[in-house]
Structures are given as C-alpha cells and as structure tokens.
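Overview (structure and organization)
Here is what each chain is made of, one letter per residue.
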Amino acid sequence: SSDVCSSDLYKADLERLGMPADRLEIGGAFRFQAPVPAAIDPDGPTFAALSSNLAAARQMLDAVRAVARHRRQFVVKAHPMYPIDIPESESIRVTDRPLDEQEGLSGVLYCASVVGLEAALAGLPTIRFLTDGGVAMNVLPAGVDLPTADAASLDNALANLSPPPAIEWGSIFADVDMDRWRRFLAGGSDPS
C-alpha cells in the first residue's frame, strides 16, 4: 500500500519523520489552484484567518482587537467549520469570503492553517500567530519559513510587513496525477 503526497517537499517531510520512502508517491493536490500574484496595498487591511481551534481563534481575535485600537484595519474570517462571534468595529470588518476573493490587503495573519501558505504563495506579507499556552502547529513544509508574532509582538510585526521570499508553486503542490490517484483510490490495483 502507498501513501500519496502533495509534492516532493511534503514527501521529504514524511521521510524525515520516518515514513518509508517506498510507501510514498507524489499524487499532486486537488484542493489548490496556483494563485494569481496578489497586489499588496500597504494601506489596506490585514486579512486575519481565524484558527479552527476555538481557543486559538479567541486569542487571535483578542490580539487583533488590541492592535486595531492603534488604527490598524482588519478583515476577519472565522474558520468555515468553527464559527465564532466576531464583533465588528470601525477597524474590524467580518467576511465569509476566502483569501483569494479579497483585494487590497496589506498582509495576512493566520494560525495553524493552510491560509498562510496560500498567502505566501500569492506573494502577500504573511505572519503566523503564536498562541499563549498552546502549540500553533506549523503546517508549512520544511524550508518554507514565515515570520511569527504573538499577541505582544503583533503590532510591531504588522508595522514591519514585507513580502515573503518567492516560493515555487510546483514545489508545494505538484500537478495532479489522475492515474496515480485512480490506482490509489482503487486500493492499489489497476481500476480498469
């Protein structure tokens, strides 16, 4: 039996964790399409993608509210499967639209979510939020590093936003190999 990976980088991560290389195949990624490079607006709002972990989401929201008092603008989106009450204000607007439907952003704040990777691939300044008393799981493959901030350092991190280093799309999400996926979903045998 085989396990299918999104790309060589994720395959290498699994091998480093002890998965036998002969069990791993590159199948590509269905969920993501290559992003259109985003136009950065230094005066635009920060898109805050709240975590699926409600405790982390509350910490992010508290940090955003504290920083918003310094006249920073935010567009905040709750995780679609884990709604949370987000009070709107002059500085905080709530959206249900995903990142790729946003325009004029200065940057992206995320925590343990693939939204950070999507933002970085689109060239947007991106910060991974570190929670207090918990683990903000890093879902980025090895070699892809983004700046981090906790509640205390968030304002400073947002004041020093810069675009991430260029990341090659295909190194993260390979093209879908339909023959491989058909074989995998058929239990490893030829489905024909």
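As a reminder, the structure under discussion sits directly above these lines.
In this report, the structure presented in the accompanying data block is examined. Predicted model, so just to flag it, every value in this text is computed and none were measured.

Quick look at the pattern of salt bridges now. In the structure shown here, the tally under the stated rule is nine salt bridges. The salt bridge partner of Glu15 is Lys11, with a shortest N-O separation of 2.6 Å. On the criterion of helical spacing, the pair formed by Glu15 and Lys11 is a turn pair, its members being four residues apart in helix 1 (residues 8-16). Connected through shared salt-bridge partners, Glu25, Arg180 and Arg183 make up one network.

Let us now look at the pairing of strand 4 (residues 74-77). Because side chains alternate across strand 4, one face comprises the buried residues Phe74 and Val76, and the other comprises Val75 and Lys77, equally buried. When strand 3 (residues 46-49) meets strand 4, the two strands line up parallel, connected through four bridges. Note on strand 4: the bridge partner recorded for Thr46 is Phe74. Of the pairings in the sheet, the one linking strand 4 to strand 5 (residues 92-94) comprises three bridges and is parallel in character. Within strand 5, the residue paired with Val75 across the bridge is Arg93.

Glancing now at helix 2 (residues 54-68). Helix length check: helix 2, at 15 residues, gives a terminal C-alpha distance of 20 Å against a target of 21 Å (1.5 Å per residue), a fit within 8%. Buried within helix 2 are the following residues: Ala56, Ala57, Met60, Leu61, Ala63, Val64, Val67 and Ala68. Axial view of helix 2: buried residues confined to an arc of 165°, hence all on one face. Its buried side turned inward, helix 2 meets strand 3, strand 4, strand 5, strand 6 (107-110), strand 7 (126-129) and helix 4 (154-159).

Conventions and cut-offs
- Counting from 1, residues in each chain are numbered in the order their sequence is written.
- Note on the predicted model: pLDDT of at least 70 is required for a residue's local features to be given, and 80 or more for side-chain atom pairs to be given and counted; whole-chain, interface and lining totals, by contrast, use all residues.
- Each side-chain value is derived from all of the structure's non-hydrogen atoms; neither hydrogens nor water enter the calculation.
- Salt bridge, as applied in this entry: a Lys or Arg side-chain nitrogen positioned within 4 Å of an Asp or Glu carboxyl oxygen.
- By definition, any uninterrupted DSSP run of H or I lasting at least four residues is a helix, any uninterrupted run of E lasting at least two residues is a strand, and each is numbered from the N terminus.
- For every residue, the accessible area (1.4 Å probe, protein chains only) is compared with the maximum for its type, and the residue is labelled buried under 20%, exposed over 50%, or partly exposed between those bounds.
- Whether two strands pair depends on DSSP finding at least two bridges between them.
- Take the residue count of a helix, subtract one, and multiply by 1.5 Å to get its expected span.
- This arc corresponds to the set of directions leading from the helix axis out to the C-beta atoms.
- Should any heavy atoms of two residues lie within 4.5 Å, those residues are considered in contact.

Any link to function would need more than the numbers given here.
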